[in-house]
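For reference, the chains in residue letters:
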Amino acid sequence: MTEPVLEMDAITVRFGGVVALSDVSLDVRPREVLGVIGPNGAGKTTLFNVACGFVTPTQGRLTFEGADVTGWGPSSLVERGVARSLQGLGLFDRLSVLDNVLVGADVHSRAGFFSSLLALPRGARDEQALVERSMDVLERLGIRDRAASVVGGLPYPLRKRVALARALVAEPRLLLLDEPASGLSEGEMSELGDIIRDLAGDVCVMLVEHHMDLVMRVCDRLTVLDFGRTIATGTPEEVRDDPDVLEAYLGGAVDDGPAQTTGGHGA
Ligand SMILES: Nc1ncnc2c1ncn2[C@@H]1O[C@H](COP(=O)(O)OP(=O)(O)OP(=O)(O)O)[C@@H](O)[C@H]1O
Ligand SMILES: [Mg+2]
């Protein structure tokens, strides 16, 4: 049995009177893509924010590679091996693609990872290694030929790849993606799916996403949230046929009983 990379154990998050997450547990296993889906207001972004350290759970425990990291902030988690690509891309528009990616690589150099591992002095050789690693990541994402381009002049889908490259260059063991397909065409989404599948050989991924077709194609397992609770977990096939999931997505159109009124949707 392999140990999960990330575990959430009975996570509850309250914002004042709003219960955004209630007793949610999940795990992300090595080389796996775990999808998190659910209707508007279900708690997906809150869950994502707990995983990257932006939100501290009111109750429950977050474990990364066996260590209790509950309450750790984003920068500590990044140094530990958790990378994220946010909806707002947070790129430096006036810098080149390569320089933007190097900002992500700096996580290791600050932590002394390369210098200590290779006994290198800080300086030219260190820098060269980071550039090479950054170029490798750009290659893998199909944008190596754009390394020298200024980010602000690139079309949105390419900017998204730069943001992803920046997250990956730190060689994370867990990659967190919040709505990576937003604003992409069908074709671009399909390419993104291929990229995520390719990455999953090296890094496990938690994918928070609205687009069902992408999620169904890319994820090994899914967790479905509704009103801050887990209503289903399983393979895409299992989840797709789950009556609770159908009801959540159809807004109570399935004919047994009224929809829940615990608040949240449309808030
Ligand atoms: N900072 C906050 N303060 C107060 N309430 C919040 C806060 N963040 C989220 N909420 C509430 O928590 C619930 C879950 O929100 P969340 O953004 O996690 O849902 P979501 O599944 O990401 O929704 P969407 O599909 O619209 O992105 C909602 O009722 C939302 O209004
Ligand atoms: Mg959201």
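Here, the structure is the one placed above.
Residues numbered from 1 in each chain as written. Chains lettered and ligands numbered in written order. Predicted model: local features only at pLDDT ≥ 70, side-chain atom pairs only at ≥ 80, totals over all residues. Heavy atoms only, no water.

### Section: the environment of arginine 197
Now for step 1: Residue position: arginine 197 is located in helix H7 (residues 186–199).
Now for step 2: Looking at arginine 197, the relative accessible area reads 32%, which means it is partly exposed.
Now for step 3: Separated by 22 residues in sequence, arginine 197 and cysteine 219 place their C-alpha atoms 8.4 Å apart.
Now for step 4: Within the local environment of arginine 197, its side chain forms a polar contact with the backbone oxygen of valine 218, the two atoms lying 2.5 Å apart. (Helix = DSSP H or I, 4+ residues; strand = E, 2+ residues; numbered from the N terminus. Buried < 20%, exposed > 50% of the residue type's maximum accessible area, 1.4 Å probe, protein only. Polar contact = N/O pair within 3.5 Å; in protein donor to acceptor, adjacent residues only side chain to side chain.)

### Overview of the sheet that holds strand E1 (residues 6–15)
Within a sheet, each strand pairs with its neighbour through backbone hydrogen bonds, oriented either parallel or antiparallel.
Now for step 1: Spatial ordering of the open sheet is given by E2-E1-E4-E5, a layout of four strands whose pairing is antiparallel. Bordering the open sheet on either side are strand E2 (18–28) and strand E5 (67–68), each of which pairs with just one other strand.
Now for step 2: The pairing of E1 with strand E4 (residues 59–64) spans five bridges and is classified as antiparallel. Bridge pairing links glutamate 7 to threonine 63 in E4. (Pairing = 2+ DSSP bridges.)

### Here's the deal with the sheet that holds strand E9 (residues 221–226)
Now for step 1: Overall, mixed pairing links the six strands, which are arranged E6-E7-E8-E3-E9-E10 in an open sheet. Both outer strands of the open sheet, strand E6 (82–85) and strand E10 (229–234), are each paired with one neighbouring strand and no more. When the angles between neighbouring strand axes are averaged without regard to direction, this sheet yields 20°.
Now for step 2: Alignment of E9 against E10, held across five bridges, turns out to be antiparallel. Across the sheet, the residue bridging to leucine 225 is threonine 230, located in E10.
Now for step 3: The strands touched by helix H10 (residues 243–250) are strand E3 (33–37), E9 and E10; relative to E10, the strand with the most contacts, the crossing angle is about 130°. (Axes fitted to C-alpha atoms, helices over the stretch in contact; angles between N-to-C directions. Contact = heavy atoms within 4.5 Å.)

### Concerning H7
Now for step 1: The end-to-end C-alpha distance of H7, which contains 14 residues, comes to 20 Å, matching closely the 20 Å that a straight helix rising 1.5 Å per residue would cover.
Now for step 2: Restricting attention to buried positions, one finds in H7 the residues Met189, Leu192, Gly193, Ile195, Ile196 and Leu199. Viewed end-on, H7 has its buried residues packed into an arc of 165°, placing them on one side of the element. (Expected span 1.5 Å × (residues − 1). Arc of directions from axis to C-beta.)

### Quick look at the pairing of strand E8 (residues 204–208)
Now for step 1: Of all five residues in E8, five are buried, a share of seventy percent or more.
Now for step 2: The alternating pattern of E8 places Cys204, Met206 and Val208 and Val205 and Leu207 on opposite faces, both of which are buried.
Now for step 3: As defined by bridge partners, E3 adjoins E8 across four bridges and the pair is classed as parallel. Bridging across to E8, leucine 34 finds its partner in methionine 206.
Now for step 4: With five bridges joining them, strand E7 (residues 174–178) and E8 adopt parallel strand pairing. If you follow leucine 176 over to E8, its bridge partner there is methionine 206.
Now for step 5: The parallel pair E7 and E8, bridged by H7, forms a crossover whose chirality is right-handed. (Right-handed = clockwise from strand over helix to strand, strands pointing away.)

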